[in-house]
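# Structural overview
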Amino acid sequence: MNNNLIELKTLLVFVLIIFNHAVAQQDVFIETESFKEKGGWVVDPQFVEQMGSPYLMAHGMGNPVSNAMTSVKFKKKGNYHVWARTKNWVPGNWQAPGRFKIIVNGKTLETTFGLTSGWSWEYAGVVNIESKKVSIELKDLTGFNGRCDAIYFSESKQKPPSDIEKLKAWRAEKLSENTSPSKEKTYDLVITGGGIAGCAAAIAASERGLHVALIHDRPLLGGNASSEIRVHTEGIYGKYERILKEIDTKHYPNGSYKSKIDQKRRDIYVKSFKNIDLFLNWRAYDAKAINNTIQYVDAKHTSTGEKIRFKAPRFVDSTGDGWIGFWAGAEFSYGRESKDTYGEGIDEWGELWSPEESDNFVMGSSVLWQNEISKKEEFFPVLPWAVDVAKDHKARAGEWFWEYSREDLNQIEDAEDIRDHMLRAIYGSFANAKKLEKNKFYKLKWVSYLVGKRESRRLVGDHIFTHNDVVNLTKFKDSVVMEKRSVDVHYQRNLKDASQPDFLSSALFYKTKKYYIPYRSLYSKNITNLFMAGRNFSCSHIGLGGPRVMLTCGQMGAAVGFAASICKKYNVTPRDVYTKHLKEYMDLIEDKK
């Protein structure tokens, strides 16, 4: 999409001028993610389901980022009340870390934003609009993750709603949004989630001649392996080496800048398939099922707000969080099963491995980060708002064990709080390290602002893969994924030693020979046309401990991509591939090594 079209859509979709005939008032509502120039601000779409929208964030790692800018049209000049929807992400007895200003037609408003706990509308008073074309800028003051969701100008002093459901309706009204997308696209297979599993599914299906839509809410493919999160791929290739070697990563340290090399290779390869339509920066927000069959997936562009309805006879959920299945009504599980549920307990490790009673603990999410050594001394500020989390922990970089999970925090619903907790841990630990003379040349080079999740929803299939399948080395007649890497299950270190920081984890390993995952764990038990590939496949908490790594997930993706071609050939469901066409399917996988 060219820049002119984006600008036009921005004006048409987001900058809506409402003219109220009864009281002759107008208002202008601006979604910040639609700003024409983002400057140093980044679009964060991770928490749309919880807070209502993507937003702009000033992710400068302590250095104020350059201004985000756009221009909007007003129907008439005059005095307007101004609000910004924002958040103080670390409220407390200190200066808020994410403060910013708004500049209107070159004049900086007196109000400082980012001061109120929780997402809310902060009021800036009245401004006089003296022209019909108005420039708007966001000026970051701190470099520490200030965030702005929307800006609202109104001749009325009526404050926009804060309640999330009322806000959703109000926002739709202001944007004149239709519930249903006006544009539809139809494919043989719609895949949501462009991580390693989603990419592999798209490639395998494409090789078999299917017309595929791959929907991904980031600009780069790879999910946790992307250069935005930088976790290296682990596991084996199984029967899909030819595909997975094109999209994996080298075994560099987690957080390494070298991920950019693999990123380029992966993106070029996936884009080389002419029958894969790639929808980058599109985030799915709904899936509709009738009689347990998905009819469509709706998605929205994370910047322009454009919507598309994706139709297909079959769908793949590679979202990690199992969103497509969740919206469609698929059975799912979350948390740890009791040790007796599937008989997965190991006495040596007790509650750290599998609890007496089921609970909501899961493996946590990581935020990776890296430093560089400068030729000059580098300053990093003291951060009182980070002390509660970092305490006296000192670190110059992060690794996989920088990980956060708490039983009362859901890895989906509370993901923004989890990410922010990790940012406080990172900034605080680096600030502590910088107090040491030996670290004076160290500079904070890179911090991901994306949550790298290990576990959340798990969709239920015809077979629930458990640790017993590993222990017994069960070779199913529909074994389509194999792995020999040790099972490793993470727990937070402070559960074993209360003196440890709560943002560090350890791993419990179970060494194993080669084990197998059946195809029946890769399609939904109750949604007839839904495959799943990735960490949301059908398994128990402990069953996920091994297969959660990205090459194993990539095997799942390739397996469902090939299965989808059998579905198309005979116009059958994913389950029918197992019950009616298993030999042909298994032969196909062997042929496509």
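Residues numbered from 1 in each chain as written. Predicted model: local features only at pLDDT ≥ 70, side-chain atom pairs only at ≥ 80, totals over all residues. Heavy atoms only, no water.

### What to know about the sheet that holds strand 5 (residues 68-73)
Definition in use: Criterion used throughout: strands pair if DSSP finds at least two bridges between them. Strands here are runs of E lasting at least two residues and helices are runs of H or I lasting at least four, both read from the DSSP assignment and numbered beginning at the N terminus.
If you trace the four strands from one edge of the open sheet to the other, you get 5-10-7-8, paired in antiparallel fashion. The open sheet has two edge strands, strand 5 and strand 8 (107-108), and neither has a second partner. Relative to strand 8, strand 7 (residues 100-104) runs antiparallel, the two sharing two bridges. Residue pairing for strand 8: I103 is matched across the bridge by T108.

### Description of the packing of helix 4 (residues 196-207) against helix 12 (residues 550-570)
Stated formally: Only the stretch in contact is used when a helix axis is fitted, and all axes are lines through C-alpha atoms; the angle between N-to-C directions ranges over 0 to 180 degrees. Throughout this description, any angle smaller than 35 degrees is read as roughly parallel, any larger than 145 degrees as roughly antiparallel, any in the 65 to 115 degree range as roughly perpendicular, and the remainder as oblique. The handedness criterion is simple: a crossing whose near helix is rotated anticlockwise from the far helix by less than a right angle is left-handed, and one whose near helix is rotated clockwise is right-handed. In this description, contact between two residues means that some pair of their heavy atoms is separated by no more than 4.5 Å. The nonpolar class holds Ala, Val, Leu, Ile, Met, Phe, Trp, Tyr, Cys and Pro. Asp, Glu, Lys and Arg form the charged class, and all remaining residues, Gly among them, are polar.
Helix 12 packs onto helix 4 with a crossing angle of 30 degrees between their chain directions and a minimal axis gap of 7 Å. Considered as vectors, helix 4 and helix 12 are oriented roughly parallel to each other. Considering the relative orientation of helix 4 and helix 12, their crossing is right-handed. Across the interface between the two elements, I196, A197, A200, A201, A204, A205 and E207 of helix 4 pack against M550, C553, G554, G557, A558, V560, G561 and F562 of helix 12. Considered class by class, the residues forming the contact of helix 4 with helix 12 number 11 nonpolar, three polar and one charged.

### Section: the state of the cysteines
Test applied: The disulfide definition used here is simple: a pair of cysteine sulfur atoms within 2.5 Å.
What the rule picks out here adds up to zero disulfides. Here C199 stays free of any disulfide, with the sulfur of C553 as its closest cysteine sulfur at 12 Å.

### Describing the domain arrangement of the protein chain
As a reminder of what qualifies: Domain delimitation follows an automatic or database domain assignment. Throughout, the accessible surface (probe 1.4 Å) given up by two parts as they are put together, summed over both, is called the buried area. The salt bridge definition used is simple: a Lys or Arg side-chain nitrogen within 4 Å of an Asp or Glu carboxyl oxygen. Counting of polar contacts relies on pairs of N or O atoms within 3.5 Å, with two restrictions inside protein: one atom must be capable of donating a hydrogen and the other of accepting it, and residues adjacent in sequence are counted only when both atoms are side-chain atoms.
Split by domain assignment, the protein chain resolves into domain 1 (27-172), domain 2 (183-341 + 454-591) and domain 3 (365-453). Its C-alpha centre places domain 2 at a distance of 29 Å from the equivalent point of domain 3. With 28 residues of domain 2 at the interface, the matching set in domain 3 holds 31 residues. Between domain 2 and domain 3 lies a buried interface of about 2400 Å² when both sides are counted; carbon and sulfur atoms form 54% of it. Among the residues of domain 2 in contact with domain 3, N254, R454 and F503 are the three that bury the most area, contributing 30% of the side total. Viewed at the interface, domain 3 and domain 2 are joined by two salt bridges. Taking the shortest distance from any N to any O, the salt bridge between E403 and R454 comes out at 3.4 Å. Linking domain 2 with domain 3 are 17 residue pairs in polar contact (both at pLDDT 80 or more), by the criterion used here. Counting only elements with at least two residues in the side of domain 2 that touches domain 3, the list comes to strand 27 (487-492) and strand 28 (505-510). Among the elements that make up the side of domain 2 that touches domain 3, the one with the highest residue count is strand 28 (three residues).

### Some points on the packing of aromatic side chains
The line we're drawing: Working definition: rings of Phe, Tyr and Trp (its six-membered ring) pair if their centres are within 6.5 Å, and the pair is stacked with planes under 30 degrees apart, edge-to-face with planes over 60 apart, and tilted otherwise. For each residue, the accessible area found with a 1.4 Å probe, counting protein chains only, is set against the maximum for its type, and the residue is called buried under 20%, exposed over 50%, and partly exposed in between. Cation placement over rings: the criterion is NZ of Lys or CZ of Arg within 6 Å of the ring centroid and within 35° of the ring normal.
The full count for this structure, using the stated rule, is 34 aromatic pairs. Judged by centre distance (4.8 Å) and plane angle (80 degrees), the rings of F279 and F310 are edge-to-face. Highlighted residues: F279 in strand 15 (residues 276-280) and F310 in strand 18 (residues 307-311), separated in sequence by 31 residues. Each of the two residues, F279 as well as F310, counts as buried. By the ring-pair criterion, three or more aromatic residues cluster together here, those being W89, F144, W369, F380, W385, W402, Y427, F430 and F503. The side chain of R457 reaches across the aromatic face of F326, ending 3.8 Å from its centre.

### What about the pattern of salt bridges?
Side-chain pairing between opposite charges can occur once the charged atoms of the two side chains come close. In the structure shown here, the tally under the stated rule is 44 salt bridges. The partner of E416 in a salt bridge is K87, with the nearest N and O atoms 3.2 Å apart. Taken as a pair, E416 in helix 9 (residues 415-434) and K87 in the loop between strand 6 (78-86) and strand 7 lie far apart in primary sequence, 329 residues in all. A salt bridge links E455 to R458; the nearest nitrogen and oxygen atoms lie 2.8 Å apart.

### Overview of unusual backbone geometry
Phi angles above zero are rare outside glycine, and N291 is one such case at about 50 degrees. Considering the arrangement of structural elements, one finds N291 in the loop between strand 16 (282-290) and strand 17 (293-301). Classification of N291 as exposed rests on a relative accessible area of 71%. Although it is not a glycine, N571 adopts a positive phi angle of roughly 50 degrees. Following the sequence through the fold, N571 ends up in the loop between helix 12 and helix 13 (574-580).

### Some thoughts on helix 14 (residues 582-591)
For clarity, the cut-off: Starting at the helix axis, one direction is taken to each C-beta atom, and the arc is that of these directions.
When we look at burial in helix 14, the residues that qualify are L582, Y585, M586, L588 and I589. Buried positions in helix 14, seen along its axis, are confined to an arc of 155 degrees and lie on one side of it. Pointing more than 90 degrees away from the buried face of helix 14 are the exposed residues K583 and D591. Packing partners of the buried residues in helix 14 comprise strand 26 (479-483), helix 12 and helix 13.

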